[in-house]
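Descriptive structure summary
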Amino acid sequence: MMKFTAQIIAIFLLGFWSLFLGIGVAFALDSKVIPSTDPVPGRYQAGYEIYLETCSTCHIPIPPAVLPSETWKKILEQPDKHYGTQLTDINRLTQRLLWDYLSAFSRPLATDEPMPLYSEQSRYFKALHPRVELPKQMSTKTCLVCHPNATKFDYRTLDPEWENAP
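Residues numbered from 1 in each chain as written. Predicted model: local features only at pLDDT ≥ 70, side-chain atom pairs only at ≥ 80, totals over all residues. Heavy atoms only, no water.

1. Points about the packing of aromatic side chains
Within the structure shown, the criterion is met by 8 aromatic pairs. Members of the aromatic cluster, joined through ring pairs, are Tyr44, Tyr48, Tyr51, Trp72, Tyr101, Phe105, Phe153 and Tyr155. (Phe/Tyr/Trp six-rings, centres within 6.5 Å; stacked < 30°, edge-to-face > 60°.)

Below is the structure:
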């Protein structure tokens, strides 16, 4: 009788473990989840999600470190003047959550550095692309040439043609 009870408990535990494993796999495969190459701490998770939802509706999301904190602050302070368009989904709460996330993962403006308004003006962006010949007119679609998963906020995966470039 004791052996039979142990088997039932083992089967129950195995089934319970399988259920949670299956839920985890299903969540990971959910097409609505935008993967991140680095985990975002819980304190910034809401801002991260709002950033992806808000910004990726019009263009690919740009990693916060590409632009300095001062640029992000200017963008958030004037949502009605966002590069010729008006951000209607931004309110005080979303501004605060976005600022928490963006300020935590961006960098300060260096002394004597002009404030970049576009990614390609950023010294950080230039440092990451030292030998890349960029077109004179860039757009966020330009990034997709080398970074095919940029729409999923994955800039580490490169197009195979660029992976072994000198």
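Moving on from the coordinates now.
2. Digging into unusual backbone geometry
Excluding glycine, most residues fall at negative phi; most peptide bonds, likewise, are trans. Positive phi, close to 65°, is recorded for Asp112, a residue that is not glycine. Topologically, Asp112 is positioned in the loop between α4 (92-105) and α5 (123-128). Overall, the relative accessible area of 79% leaves Asp112 in the exposed class. We note that Phe153 has phi near 65°; this positive angle belongs to a residue other than glycine. Along the chain, the position of Phe153 falls in the loop between α6 (140-146) and α7 (160-163). (Helix = DSSP H or I, 4+ residues; strand = E, 2+ residues; numbered from the N terminus. Buried < 20%, exposed > 50% of the residue type's maximum accessible area, 1.4 Å probe, protein only.)

3. Section: the nonpolar core
Judged by nonpolar contacts, the single largest core of 24 residues is most densely connected at Tyr51, Leu98, Tyr101, Leu102 and Phe153. Those elements giving two or more residues to this core turn out to be α2 (42-55), α3 (69-77) and α4. Broken down by element, this core gets its largest block of residues, 6 residues, from α2. (Core = buried A, V, L, I, M, F, W, Y, C linked by side-chain atoms within 4.5 Å.)

4. Side note on a nonpolar patch on the surface
A contiguous nonpolar surface patch, about 350 Å² in accessible area, is contributed by Tyr83, Met115, Leu117 and Tyr118. As for its placement among the helices and strands, Leu117 is situated in the loop between α4 and α5. (Patch = residues over 30% accessible without salt bridge, like charges linked within 9 Å, V, L, I, M, F, W, Y side chains within 5 Å. Areas by Shrake-Rupley, 256 points an atom, 1.4 Å probe, with all protein chains shown as cover. Salt bridge = Lys/Arg side-chain N within 4 Å of Asp/Glu carboxyl O.)

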